[in-house]
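What the coordinates show
Listed below, chain by chain, are the residues.
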Amino acid sequence: MGGHLVTVATCSLNQWVLDWEGNLQRIVESIHLAKKAGARLRVGPELEICGYSSLDHFHELDVYTHSLEMLRKLLEDESCHDILIDVGLPILHRNIRYNARAILLNGKILLIRPKMWLANDGNYREMRHFTPWMRPRETELFHLPKILQEIQGETHVLFGDAVISTPETAFGAETCEELFTPKAPHIDMALDGVEIITNSSGSHFTLQKLDVRLQLIMEATRKSGGVYLYANQQGCDGERLYFDGCAMIIVNGNIVAQGSQFSLNDVEVVTATVDLEEVRAYRSSISRGLQAATSNAKYQRIQTSFELSPEEEDTDIWKKPTLPRPPRYHSVEEEIALCGGCYLWDYLRRSGTAGYLVPLSGGIDSCATATLVFSMCRIVIQAIEDGNQQVIEDVRRICKYGKEGELPKTPQELCNQVFTTIYMGMSKQSSAETRGRAKELSDAIGSYHVNLDIDDVYEAQKKLIVQTTNFEPRFKVHGGTVQENLTLQCLQARIRMVTAYEFGQILPTARGRPGGGSLLVLGSANVGESLRGYLTKYDCSSADINPIGSIDKADLKRFIAWAEKKFDLPCLHGFLTAVPTAELEPITQEYVQSDEADMGMTYAELTVFGRLRKLNKLGPYAMFQRLVHDWSADREKVEGDEAPFYTPRQVAEKVKRFFHFYAINRHKMTTLTPALHCNDYSPDDNRFDLRPFLYPPFWKSWSFKRIDMELERIEKKREERAGKGKETA
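Predicted model only: the values in this text are computed from it and were never measured. (Residues numbered from 1 in each chain as written. Predicted model: local features only at pLDDT ≥ 70, side-chain atom pairs only at ≥ 80, totals over all residues. Heavy atoms only, no water.)

**Structural notes on the overall build of the chain**
Of regular secondary structure, the chain possesses 24 helices and 20 strands. Taking 2.2 N^0.38 as the reference for a compact globule, 729 residues should give roughly 27 Å; the C-alpha atoms of the chain span a radius of gyration of 29 Å, in line with that estimate. Its C-alpha atoms put the chain at 90 × 85 × 50 Å along the principal axes. Counting over 729 residues, the chain shows a buried share of 58%. Sequence-distant contacts in the chain: of pairs separated by 6 or more residues, those separated by 24 or more amount to 73%. Roughly 30700 Å² of accessible area belongs to the chain as shown, and the carbon and sulfur atoms make up 53% of that amount. (Helix = DSSP H or I, 4+ residues; strand = E, 2+ residues; numbered from the N terminus. Rg over C-alpha atoms; globule rule 2.2 N^0.38 Å. Buried < 20%, exposed > 50% of the residue type's maximum accessible area, 1.4 Å probe, protein only. Contact = heavy atoms within 4.5 Å. Areas by Shrake-Rupley, 256 points an atom, 1.4 Å probe, with all protein chains shown as cover.)

**Quick word on the packing of helix α10 (residues 332-351) against helix α12 (residues 389-399)**
Where α10 contacts α12, the axes come no closer than 10 Å and their chain directions differ by 55 degrees. As summarised for this structure, α10 and α12 are arranged oblique, according to the angle between their axes. Handedness of the α10/α12 crossing: left-handed. On α12, the residues that touch Trp345, Leu348 and Arg349 of α10 are Gln390, Val391, Asp394, Val395, Arg397 and Ile398. Tallied by class, residues from the contact of α10 with α12 come to five nonpolar, one polar and three charged. (Axes fitted to C-alpha atoms, helices over the stretch in contact; angles between N-to-C directions. Parallel < 35°, antiparallel > 145°, perpendicular 65-115°, else oblique. Left-handed = near helix turned anticlockwise from the far one by under 90°. Nonpolar A, V, L, I, M, F, W, Y, C, P; charged D, E, K, R; others polar.)

**Some thoughts on the packing of aromatic side chains**
Counted by the stated rule, this structure contains 23 aromatic pairs. Ring geometry for Phe142 against Phe159: centres 6.0 Å apart, planes inclined by 25 degrees, an arrangement best described as stacked. Within this pair, whereas Phe142 is found in strand β6 (residues 139-143), its partner Phe159 is found in strand β7 (residues 156-160), the two being separated by 17 residues in sequence. When sorted by exposure, Phe142 lands in the same class as Phe159, which is buried. Judged by centre distance (5.9 Å) and plane angle (20 degrees), the ring pair of Phe658 and Tyr662 falls under stacked. Residue Phe658 and its partner Tyr662 are both found in helix α23 (residues 648-665); the two are separated by four residues, about one turn of the helix. Considered together, Phe658 and Tyr662 belong to a single accessibility category, that of buried residues. (Phe/Tyr/Trp six-rings, centres within 6.5 Å; stacked < 30°, edge-to-face > 60°.)

**Comments concerning the pairing of strand β19 (residues 448-453)**
The two faces of a sheet get side chains in turn, since along a regular strand they alternate between them. In terms of strand pairing, strand β18 (residues 419-425) meets β19 through six bridges, oriented parallel. Bridge pairing in β19 places Met424 opposite Leu452. On the question of chirality, the crossover connecting β18 to the parallel β19 by way of helix α14 (residues 432-445) is right-handed. (Pairing = 2+ DSSP bridges. Right-handed = clockwise from strand over helix to strand, strands pointing away.)

**Section: the UniProt feature "domain: CN hydrolase" (unreviewed entry) in the chain**
The residues that UniProt annotates with the feature "domain: CN hydrolase" (unreviewed entry) are residues 6-276. End C-alpha to end C-alpha, residues 6-276 measures 7 Å, and it is 27% helix and 34% strand. (UniProt positions renumbered as here; feature names shortened; annotations may be inferred.)

**Observations regarding the side chain of Arg101**
Its place among the elements puts Arg101 in strand β4 (residues 96-105). Among the polar contacts made by the side chain of Arg101, one reaches the main-chain carbonyl oxygen of Pro45 at a distance of 3.1 Å. (Polar contact = N/O pair within 3.5 Å; in protein donor to acceptor, adjacent residues only side chain to side chain.)

**As for the nonpolar core**
In terms of nonpolar packing, the biggest core is built from 63 residues, with Trp345, Met376, Val380, Val395, Val418, Phe419 and Leu441 touching the most fellow members. Built from parts of two domains, this core gets at least three residues from each of domain 1 (3-327) and domain 2 (331-574). If near-sequence neighbours (up to four positions away) are discounted, Val418 is found in contact with Leu348, Ala354, Gly355, Tyr356, Met376, Cys377, Ile398, Cys399 and Arg513. Formed by 49 residues, the second largest nonpolar core is a distinct cluster that contains Leu68, Ala102, Phe130 and Val267. (Core = buried A, V, L, I, M, F, W, Y, C linked by side-chain atoms within 4.5 Å. Domains from an automatic or database assignment.)

**Details of helix α2 (residues 61-76)**
Here α2 spans 23 Å end to end across 16 residues, near enough to the 22 Å set by a 1.5 Å rise per residue. For α2, the set of buried residues is Val63, Tyr64, Ser67, Leu68, Met70, Leu71, Leu74 and Leu75. The arc enclosing the buried residues of α2, seen along the axis, measures out at 160 degrees, which places them on a common side. In this fold, the buried residues of α2 make contact with α1 (20-36), β3 (84-93), β4, β5 (108-114), α3 (126-129) and α4 (146-152). (Expected span 1.5 Å × (residues − 1). Arc of directions from axis to C-beta.)

**Some words on unusual backbone geometry**
Here Leu18, not a glycine, exhibits a phi torsion of approximately 65 degrees, which is positive. By secondary structure assignment, the location of Leu18 is in the loop between β1 (5-13) and α1. For Tyr538, which is not glycine, the phi torsion reads 65 degrees and is therefore positive. Within the secondary structure, Tyr538 is located in the loop between α17 (527-532) and α18 (553-566).

**A closer look at the pattern of salt bridges**
Counted by the stated rule, this structure contains 44 salt bridges. For Arg113, the salt bridge is made with Glu178, and the minimal N-O distance between the two is 2.9 Å. Taken together, the residues Arg113 in strand β5 and Glu178 in helix α5 (residues 177-180) connect sequence positions 65 residues apart. Judged by relative accessible area, which is 0%, Glu178 ranks as buried. Arg349 is paired through a salt bridge with Asp266; the nearest N and O atoms lie 2.9 Å apart. Within this pair, whereas Arg349 is found in helix α10, its partner Asp266 is found in the loop between β14 (254-258) and β15 (267-275), the two being separated by 83 residues in sequence. Arg349 sits in the buried class, given a relative accessible area of 10%. (Salt bridge = Lys/Arg side-chain N within 4 Å of Asp/Glu carboxyl O.)

**Remarks on helix α11 (residues 364-385)**
Spanning 22 residues, α11 covers 31 Å between terminal C-alpha atoms, matching the ideal 32 Å at 1.5 Å per step. Of all 22 residues in α11, 19 are buried, a share of seventy percent or more.

**A few points about the domain arrangement of the chain**
Along its sequence, the chain is carved into domain 1 (3-327), domain 2 (331-574) and domain 3 (589-728). Domain 2 puts 31 residues into the contact, and the matching count from domain 3 is 33 residues. Of the roughly 2700 Å² buried between domain 2 and domain 3 on both sides combined, carbon and sulfur atoms contribute 61%. When the buried surface of domain 2 facing domain 3 is broken down by residue, Leu531, Arg532 and Tyr534 rank first, second and third, together holding 30% of it. At the boundary of domain 2 with domain 3, the tally comes to zero salt bridges. Linking domain 2 with domain 3 are 15 residue pairs in polar contact (both at pLDDT 80 or more). (Buried area = accessible area lost by both parts, 1.4 Å probe.)

So, in structure tokens, the structure goes:
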């Protein structure tokens, strides 16, 4: 019987796809930090050797070859000995590709444990790349390649679903998605006496997802008892996802250690000392004992003499169990600021470009994008003050700032170096208010600002139409048709996109920035506008990356209201109170263009349509059936009910209008700028929301006819009820 106090470590690593040596260096650093803290077991993120988001690179044999080459380097590194290591990598076994964990000790492989339940929903495509291990609690032999045979001293190691037994306890591994399944592996492992469970994840961020993740992990050990080590990727590893770290250690349903959810640290190790006797006491209930005694789920145990808790450490009276602590959450506003800021910094430093450019319209969407860049600058300055050497090195490389060794001291100073805002006005369409708001925001955050008008370019392009067709298009307010109006609006919008890229390519050179380079153009179309198609194809919604592309208008307003106070930016108040407008039509005394009037629905309604379409998986008819109740004008108003009050016919018109415009504009999603994924109802066609982009006319569809039939039944019943009410009166 060994000791009962065990120090364990988990981590969040900012890995980058196919950055073989960089990924290995971060893995080794995490092991060193774990050992320095006295840990005897270290677990890391899913597929940490190659990077989780390698996607179709997993079809390439190079990925498996290089992963094993990095594994060999890790096994040969004696500074990583004297600790049990749980590391993630892809494995090719008998011509089958597996997402796997390798359990290592002192330069040897104890077990290769393949993932059993693969993530294949939403952004996840693991079944496209891997095959799950479909034989629970079974193992077979894995034939080692020559480069590993030499250091293993054997030709084969165990491959499959087994656990590791040390002199004082046993630990087993489950991987990411397996935690989220109804019958997770940790249930059977716990019933078979496994006391420590490791979970290696590649779990990406969505707003308020951490609460779900925490509840699942806490519930896992609250019911079964045990120690749970959760590791996760952190940062942008080359895709539109941000992995939000938050490595944690949980004992019997209580958090004893929790890492940061958002951070610029490439390596963050979380450790805790746990008391195995607490697990045994927690599992002493009779009902649990009966289930364990009758369970047929028995795991093969791989024996090792390595002690997680050497008995002599029991005499170390300074060593004690880590106390429970409350979970740490961020508000929606904080999540937007921190996730957007951290993602933008990772993307910038890894892209090799000179900074960002945002076309500022004076509206709240481009304001939100600019404020996120300012949030990035605040986070970076804080990291510099904290002495983060990687951030300091990246800032010096990107900014080439001031004198040798000098660094920016304020977010505004950094912002001026890496961020350009550009207002592209039209003399008749653009108001003094939007131009003024753009300049005021730029002054507040310190961006390099360009203020110009595109009238000459617009008139030249319009003249091309007149000269070629002998026809002069007019705006609607001047008597033009719908098609003329759209043509002139889209012309301005597309000129702005070309102008943005033009200035993005030349400004660093024109400003005399050392090294020149180009700027990444950021987009500012929110999730509702994309869903409705309320944007011009190849306008300023076309950019290199869009940090707000899956955030709805309501959350953006909440973020701006929060940032007004938190970032001390009083100028943001004007954006909150302004009427959303594209300013693509001339302003007259009688007419000012309004987004919600143009769309025929409010942004709040768009959010409801988006959630019901994607999350609730409702088509037109089912959505009408749902909303005719949720938005009923006949319902009683209750506290917290902020839904609109509409008649059944108004609901039918709203639903039909949404699906009509959704269908005719779906083609725009095929060229949608990659957006930072923040919401699970994003209409992103390229990765997340796979649908046709050529639909039959919805107004002639059977779905719409069924809505009309249902509407007729509902209205007839309402009339009958109204008639009975009059008779009673």
